[in-house]
Amino acid sequence: GSRQDWLAVLSLLLYISSFSLGCGAIVWIIQGELLPNRIRGSGGSITSGFNWTCSLLVTGSFQFMLNTFEGVGTFLFYAGVCAFGAIFVLTTVPETMGMELEAIEKYFKVRDKKE
């Protein structure tokens, strides 16, 4: 194949690897810190499913995007999605380092219906 084809494949592999080490792993960290014990199982399933669905959407749409918008447009689109995600996290996800689970629940005003 041509150099551009190899560059596209290598870029996609780099994206998948980076996603798995970065944004993909964040789901596992955040769900352990932010989800209360009473919904951790179902909440973990939902967040993990959403994570894999997003990965599937990127992988499944890549070739279409590449054919439609060519390389630069495709990667600019994905870079924009990443920038939006970074802004969302910076403005929405609270810092929980050193906080107890109870304090995190109180922060989000989650009330246990059993009490």
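See above for the structure.
Computed from a prediction, not measured in an experiment: that's the story for all the values here.

Our focus in this paragraph is a nonpolar patch on the surface. Together, Trp 6, Val 9, Leu 10 and Leu 13 line one region of the surface with nonpolar side chains, adding up to about 430 Å² of accessible area. You can see Leu 13 is positioned in helix α1 (residues 3–21).

Each α-helix turn comprises 3.6 residues. Residues three or four places apart therefore point the same way. The terminal C-alpha atoms of α1 lie 27 Å apart, and with 19 residues this matches the ideal 27 Å at 1.5 Å per residue to within 8%. Within α1, the full set of buried residues consists of Ala 8, Leu 12 and Phe 19. Looking down the long axis of α1, one finds its buried residues gathered within 35 degrees of arc, a one-sided arrangement. For α1, the exposed residues lying more than 90 degrees away from the buried face are Arg 3, Trp 6, Leu 7, Leu 10, Leu 14 and Leu 21.

This brings us to the packing of α1 against helix α3 (residues 40–92). At a minimum axis separation of 11 Å, α1 and α3 run at an interaxial angle of 150 degrees. Comparing the axis directions of α1 and α3 gives the class roughly antiparallel. Judged by the twist between their axes, the crossing of α1 over α3 is right-handed. Side by side, α1 and α3 meet where Ala 8, Ser 11, Leu 12, Tyr 15, Ile 16 and Phe 19 of the first sit next to Asn 51, Ser 55, Val 58, Thr 59, Phe 62, Leu 66 and Phe 75 of the second. Among the residues forming the contact of α1 with α3, the class breakdown is 9 nonpolar, 4 polar and no charged.

We now examine the side chain of Thr 96. Of note, Thr 96 is situated in the loop between α3 and α4 (101–107). Take Thr 96: its relative accessible area is 8%, and that puts it in the buried class. Setting aside residues up to four positions removed in sequence, Thr 96 forms contacts with Glu 33, Leu 34 and Ile 104.

What counts and how
- Residues numbered from 1 in each chain as written.
- Predicted model: local features only at pLDDT ≥ 70, side-chain atom pairs only at ≥ 80, totals over all residues.
- Heavy atoms only, no water.
- Patch = residues over 30% accessible without salt bridge, like charges linked within 9 Å, V, L, I, M, F, W, Y side chains within 5 Å.
- Areas by Shrake-Rupley, 256 points an atom, 1.4 Å probe, with all protein chains shown as cover.
- Salt bridge = Lys/Arg side-chain N within 4 Å of Asp/Glu carboxyl O.
- Helix = DSSP H or I, 4+ residues; strand = E, 2+ residues; numbered from the N terminus.
- Expected span 1.5 Å × (residues − 1).
- Buried < 20%, exposed > 50% of the residue type's maximum accessible area, 1.4 Å probe, protein only.
- Arc of directions from axis to C-beta.
- Axes fitted to C-alpha atoms, helices over the stretch in contact; angles between N-to-C directions.
- Parallel < 35°, antiparallel > 145°, perpendicular 65-115°, else oblique.
- Left-handed = near helix turned anticlockwise from the far one by under 90°.
- Contact = heavy atoms within 4.5 Å.
- Nonpolar A, V, L, I, M, F, W, Y, C, P; charged D, E, K, R; others polar.

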